[in-house]
Amino acid sequence: MQNKRILVTGGAGFIGSNLANYLAEDNDVVAVDDLYLGTPENLSSDVEFVDASVLDDDLPTEDVDVLYHLAALSSYKMHEEDPTTGARVNIEGFVNAVEQARNDGCDTVVYATTSSIYGSRTEPSSESMDVMARTGYEASKLARERYAEYFHHHYDMHLAGMRFFSVYQGFGGAEEHKGEYANTVAQFAHKIANGERPELFGDGSQTRDFTHVDDIVRGLVLAAEHRLQGIYNLGTSESYSFNEMVSMINDALGTDVEPAYVENPFEVYVHDTMADYTKMHEATGWEPEVSFEEGVERVCEPYL
């Protein structure tokens, strides 16, 4: 993608800033963020930053070719602490941003939904599966998908909903400021590198399809370039347990820090995830390029 004007909401956050910085090399990129979780320090000087909420009525959508809508209260815990605000930001904020972009002539939208609506599965989850909202967070992301259908059918827009699977990068990336909300790979690597025991829920056997943010960014770019419509998974079709992750981090760092096992504090918890990315591959040729082994080494490298 080149010579486009692109708006990234949630653009100073983890995934948003990685995307904005990448696109800014060849495009005119504006990042909107209310700094609830993001920080302008994540952004390169080539990105125009606007401190604003997706609930505002004057978003910088003029002449925008592509809207990337990543802004959200992005976890179960965040959403449950204030469900009303979560619904406003995640649902109303989506409708507001898309509507303003549409009114200014943009018909290509790529937005974040969630893979947690698949529930706990040790087999690859495909987009054709039945899904369920078990939490307010999941309900808000499903609402986005339904509103995207409305915008497509009513206004002939193209809206690609991307279901991310456990996106990670190290604290050398764009998540250190998030603390407890940072991805587990970054959190565990940081603790182990500093001689602290990472806390694992239960027996540490839960599994995740860990997907490096570089692969996520490539997928987001391809989704816009191909003007995809509908729902697409971005994941690796492989999964690793938290115990395996800790072992891999120890190997990469040359350490031998044992995890601490604690009771799971969450009433609703997805134990296992794994993506089927066939649909995205067939539509765009996308496939993950960063193996988890390589990804863990990248996360740990700054500590060596």
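Shown above is the structure to which this text applies.
Let me begin by describing the structure that accompanies this report. This structure is a prediction, so every number in the text was calculated from the model and none was measured.

Conventions we followed
- Residue positions are counted from 1 within each chain, in the order its sequence is given.
- Local features in this predicted model are restricted to residues of pLDDT 70 or higher, and side-chain atom pairs are both shown and tallied only at a pLDDT of 80 or more, whereas totals for entire chains, interfaces and linings draw on every residue.
- With hydrogens and water set aside, each side-chain value is computed from the structure's full complement of heavy atoms.
- Stacked, tilted and edge-to-face pairs are distinguished by plane angle, under 30 degrees for stacked and over 60 for edge-to-face with tilted covering the rest, among Phe, Tyr and Trp rings (Trp via its six-membered ring) whose centres lie within 6.5 Å.
- Per the convention used, a helix needs a DSSP run of H or I reaching at least four residues, while a strand needs a run of E reaching at least two, with both numbered from the N terminus.
- Burial classes follow relative accessibility: with a 1.4 Å probe on protein chains only, a residue under 20% of its type's maximum area counts as buried, one over 50% as exposed, and anything between as partly exposed.
- Two joining distances apply to patches: 9 Å for like charges and 5 Å for nonpolar side chains (Val, Leu, Ile, Met, Phe, Trp, Tyr), and every residue must have over 30% relative accessible area and no salt bridge.
- Note on areas: Shrake-Rupley with a 1.4 Å probe; residue coverage comes only from the protein chains shown.
- Salt bridge, as applied in this entry: a Lys or Arg side-chain nitrogen positioned within 4 Å of an Asp or Glu carboxyl oxygen.
- Here, the arc refers to the directions that run from the helix axis to the C-beta atoms.
- What makes two residues a contact is simply this: any of their non-hydrogen atoms within 4.5 Å.
- Only the stretch in contact is used when fitting a helix axis, every axis being a line fitted to C-alpha atoms; angles between N-to-C directions are given from 0 to 180 degrees.
- Roughly parallel means an angle under 35 degrees; roughly antiparallel means over 145; roughly perpendicular covers 65 to 115; every other angle is labelled oblique.
- Whether a crossing is left-handed or right-handed is set by the direction in which the near helix is turned from the far one by less than a right angle, anticlockwise for left-handed and clockwise for right-handed.
- Ten residue types, Ala, Val, Leu, Ile, Met, Phe, Trp, Tyr, Cys and Pro, are classed as nonpolar, four, Asp, Glu, Lys and Arg, as charged, and the remainder, Gly among them, as polar.
- Here a strand pair is declared whenever DSSP counts at least two bridges between the two strands.

## As for the packing of aromatic side chains
Move 1: As enumerated under the stated definition, the model contains 15 aromatic pairs in all.
Move 2: An angle of 35° between the planes, with centres 6.2 Å apart, marks the rings of Phe210 and Phe242 as tilted. Within this pair, whereas Phe210 is found in the loop between β9 (207-208) and β10 (211-212), its partner Phe242 is found in helix α7 (residues 242-253), the two being separated by 32 residues in sequence. Of the two residues, Phe210 and Phe242, neither departs from the other in class, the shared state being buried.
Move 3: Between the aromatic rings of Phe210 and Phe292, the centroid separation amounts to 4.6 Å while the plane-to-plane angle is 10°, which identifies the pairing as stacked. Taken together, the residues span a long stretch of sequence, with Phe210 in the loop between β9 and β10 and Phe292 in helix α9 (residues 292-300) at a distance of 82 residues. As far as burial versus exposure is concerned, Phe210 and Phe292 are alike and both buried.
Move 4: Cluster of aromatic residues (ring-pair linked, three or more members): Tyr168, Phe188, Phe210, Tyr240, Phe242 and Phe292.

## Looking at a nonpolar patch on the surface
Move 1: Nonpolar side chains collect at one region of the surface, where Tyr147, Tyr150 and Tyr155 lie side by side and expose about 270 Å² of accessible area between them.
Move 2: With respect to the helices, strands and loops of the structure, Tyr150 is situated in helix α4 (residues 136-155).
Move 3: Taking the relative accessible area as the measure of exposure, Tyr150 reaches 35% and is therefore partly exposed.

## Thoughts on α9
Move 1: When we look at burial in α9, the residues that qualify are Phe292, Gly295, Val296, Val299 and Cys300. With its buried residues spanning 130° around the axis, α9 presents them on a single face.
Move 2: Looking at the buried residues of α9, the elements they touch are β7 (167-168), α5 (184-193), β10, β12 (240-241) and α7.

## Topic: the packing of α7 against α9
Move 1: Relative orientation of the contacting elements α7 and α9 amounts to 55°, with a least axis distance of 9 Å. One way to sum up the angle between α7 and α9 is to call them oblique. α7 and α9 meet at a crossing whose hand is right-handed. On α9, the residues touching Met245, Met248, Ile249, Ala252 and Leu253 of α7 are Phe292, Glu293, Val296 and Cys300.
Move 2: Looking at the contact of α7 with α9, its residues break down into 8 nonpolar, no polar and 1 charged.

## Overview of the sheet that holds strand β11 (residues 230-234)
Move 1: Taken in spatial order, the 7 strands make up an open sheet running β3-β2-β1-β4-β5-β6-β11, and their pairing is parallel. Looking at which strands have only one partner, the edges of the open sheet turn out to be β3 (48-51) and β11. Direction aside, neighbouring strands of the sheet carry axes that sit 20° apart on average.
Move 2: Pairing analysis gives 4 bridges linking strand β1 (residues 5-9) to strand β4 (residues 66-69), with the strands arranged parallel. When the bridges of β4 are listed, Thr9 appears paired with His69.
Move 3: Set on the sheet, helix α3 (residues 83-103) makes contact with β4, β5 (108-112) and β6 (158-164); between it and β4 the angle comes to about 175°.

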